[in-house]
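Observations on the three-dimensional arrangement
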Amino acid sequence: MTERCQGDTRPRTGPRARTAIVLAAAALLAATSAAFLPGTASAGTTLGASAAEKGRYFGTAVAASRLSDGNYTTILNREFNSVTPENEMKIDATEPQQGRFSYGAAEQIVNHARSRGMSVRGHTLAWHSQQPSWMESMSGSALRSAMLNHVTQVATHFRGQVVAWDVVNEAFEDGTSGARRNSNLQRTGNDWIEAAFRAARAADPNAKLCYNDYNTDNWTHAKTQAVYNMVRDFKARGVPIDCVGFQSHFNNDSPYVSNYRTTLSSFAALGVDVQVTELDIQGAPAATYRSVVEDCLAVARCNGVTVWGIRDSDSWRASQTPLLFNSSGQKKAAYDAVLAALNNGTTPTDPPTTPPTTPPTTPPSGSCTATLQDSTRWGDRFNSQVTVSGASNWTVVVAVTPPQKVSNTWNGTPTWDSSGNVMTMRSNGSGTVFGFTTMANGTWTRPVVRSCTAS
Ligand code: XIL
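Let me begin by describing the structure that accompanies this report. Because the structure is a prediction, the values reported are computed rather than measured. (Residues numbered from 1 in each chain as written. Predicted model: local features only at pLDDT ≥ 70, side-chain atom pairs only at ≥ 80, totals over all residues. Heavy atoms only, no water.)

In this section: the overall build of the chain. Each helix and strand counted, the chain has 13 helices and 17 strands in total. The buried share of the chain, taken over its 455 residues, is 56%. Once local pairs closer than 6 in sequence are excluded, the contacts in the chain between residues at least 24 apart make up 75%. On the chain, roughly 18,000 Å² of surface is accessible, and the fraction owed to carbon and sulfur atoms is 51%. (Helix = DSSP H or I, 4+ residues; strand = E, 2+ residues; numbered from the N terminus. Buried < 20%, exposed > 50% of the residue type's maximum accessible area, 1.4 Å probe, protein only. Contact = heavy atoms within 4.5 Å. Areas by Shrake-Rupley, 256 points an atom, 1.4 Å probe, with all protein chains shown as cover.)

If charged atoms from side chains of opposite charge come close, those side chains can pair. Across all of its chains, the model carries 19 salt bridges by this definition. Measuring nitrogen to oxygen at the nearest pair gives 2.8 Å for the salt bridge that ties aspartate 273 to arginine 301. With aspartate 273 in strand E8 (residues 273-281) and arginine 301 in the loop between helix H12 (286-297) and strand E9 (302-307), this residue pair connects regions lying 28 residues apart in the sequence. For aspartate 314, the salt bridge identified is with arginine 311, shortest N-O distance 2.9 Å. The burial state of aspartate 314 is the same as that of arginine 311; both residues are buried. Salt bridges sharing common partners tie together Lys208, Asp273, Arg301, Asp380 and Arg381. (Salt bridge = Lys/Arg side-chain N within 4 Å of Asp/Glu carboxyl O.)

All right, on to the packing of aromatic side chains then. The geometry of an aromatic ring pair is captured by two quantities: the separation of the ring centres and the angle between the planes. This model, assessed by the stated rule, comprises 17 aromatic pairs. With a centroid separation of 6.1 Å and 35 degrees between ring planes, the pair formed by phenylalanine 58 and phenylalanine 80 is classed as tilted. One end of the pair, phenylalanine 58, is in strand E1 (residues 57-62); the other, phenylalanine 80, is in the loop between helix H4 (70-79) and strand E2 (82-85), with 22 residues separating them in the sequence. In this structure, phenylalanine 58 and phenylalanine 80 share a single accessibility class: buried. Aromatic pair phenylalanine 382 and tryptophan 444: ring centres 5.8 Å apart, planes at 40 degrees, arrangement tilted. Highlighted residues: phenylalanine 382 in strand E11 (residues 381-389) and tryptophan 444 in the loop between strand E16 (433-439) and strand E17 (448-454), separated in sequence by 62 residues. Just as phenylalanine 382 is buried, tryptophan 444 falls in that class too. Three or more aromatic residues link up through ring pairs in this structure, and these residues are Phe101, Tyr103, Phe158 and Trp165. (Phe/Tyr/Trp six-rings, centres within 6.5 Å; stacked < 30°, edge-to-face > 60°.)

Another aspect to go through is the nonpolar core. When a protein is soluble and globular, its nonpolar side chains tend to lie buried together. Phe58, Trp165, Val168, Phe197, Tyr289 and Leu324 are the most contacted members of the largest nonpolar core, which totals 90 residues. With 7 residues, helix H9 (residues 192-203) is the largest single contributor of residues to this core. (Core = buried A, V, L, I, M, F, W, Y, C linked by side-chain atoms within 4.5 Å.)

This paragraph deals with unusual backbone geometry. Here the amide bond leading from histidine 123 into threonine 124 is cis, since omega sits at 0 degrees, within 30 degrees of zero. Assignment of secondary structure puts threonine 124 in strand E3 (residues 119-127). Of note, the bond from proline 402 into proline 403 is cis; its omega dihedral lies within 30 degrees of zero at 5 degrees. Tracing the chain through its elements places proline 403 in the loop between strand E12 (394-399) and strand E13 (405-410). Not every positive phi belongs to a glycine, and glutamine 130 is a case in point at roughly 50 degrees. Tracing the backbone through its elements, the reader meets glutamine 130 in the loop between E3 and helix H7 (133-136). Despite not being glycine, asparagine 411 shows a phi value in the positive range, around 65 degrees. For asparagine 411, the location among the structural elements is in the loop between E13 and strand E14 (413-416). For asparagine 411, a relative accessible area of 11% gives the class buried.

Near the ligand, the surroundings consist of 13 residues, among which Glu86, Lys90, His123, Glu278 and Trp308 are the closest. Glutamate 86 places a side-chain nitrogen or oxygen 2.4 Å from an oxygen atom of the ligand. The separation between a nitrogen atom of the ligand and a polar side-chain atom of glutamine 247 is 3.1 Å. Protein chains shield 77% of the accessible area of the ligand, which is 410 Å² for the free molecule. (Near = heavy atom within 4 Å. Polar contact = N/O pair within 3.5 Å; in protein donor to acceptor, adjacent residues only side chain to side chain.)

Here it is, written out as structure tokens:
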């Protein structure tokens, strides 16, 4: 806050100020006209870029074993800006023997994603299912400590690399009871969920911590209400929870319902973010996919949508053909519906925030010039747009101020320095405008362009 005031409100006089105003005007013009030049921006033509322009992500579950499939990675790299390891971060994968951790497959996915500017959702730290056999046979206080140690070790290992963790998965019973699921973890005591959240917060204070479940889409269902009551209680008592994940595996037995938007907005009103975490829909009806995306866009605190796989053949329910790409990797009608919904969507209606008070910064330039402009701003994050002139093959270095973190990028290929604060963005082709989302983490200082080089 102090930094921003000092940096931003200084009165400007003399030639520097005039230059700044002229450059600001020129930049505004450049940015405005760039939007109309053909081929300058891929925003609007891929799921990730279109979602990012609305301040959201569009993600997919990824299986490490498929990263060697060129058809798969071509779609992944083109379309998505968030990934969730489908199985590789689960307890049986990361701690196959007690106290012996194994991160290879998860790291493969994390590195693939982060080197391409995609963010990572971590899934999942505590769950009754996919437990290694040593944990399945444990109970009582030994299990409680083993679970907490697992949460601590895994969240610490990936600290700073995972934007949101599904800390606890599927802890409630199906049906009308509204009760907790009877699992070995539940039998360690009703407070096991909040204990897991506290351990995760201590291990990675900057990650968003989510509770994730299925059959919680229908607002009138007992299970939905039970999870809602738990989250309300956690917020009231200061248990560190930041988000709720809705798996949203829709099928004939568990269909999409029109009160889904009410569900998302009701949870958001408790003061948590909401995320659609594992979307797939039996038969992939375009209209239902469109509704889900529209519902997310209608809720300011809905951060993004993750589909549970790329092609139908990648799905855990392949016979239901529930995804956006067919088994040969071609876009289905549902894909077009999702893209259109993302492009038509309005930006979220967060409370108004203070508009930036300085003219856009103009960096030192080599043989090209990169001009950064503020774009949409929300309660926790903001977008910036950088317009490059003087080169089509450019490399632009941008720095953010810790504890800020870039969570999304579009229209360029980013790499990062070891601190994670300095991003080197390379052009993808002929584009001259790229953008990125910065999670403020309490600091609203504008990112700075350090250099622009042509190659
Ligand atoms: C599924 C995976 O997609 C399968 O590959 C695996 O065999 C079983 O788990 N809810 C969840 C996900 O939270 O982790 C599950 O993923 C699907 C249901």
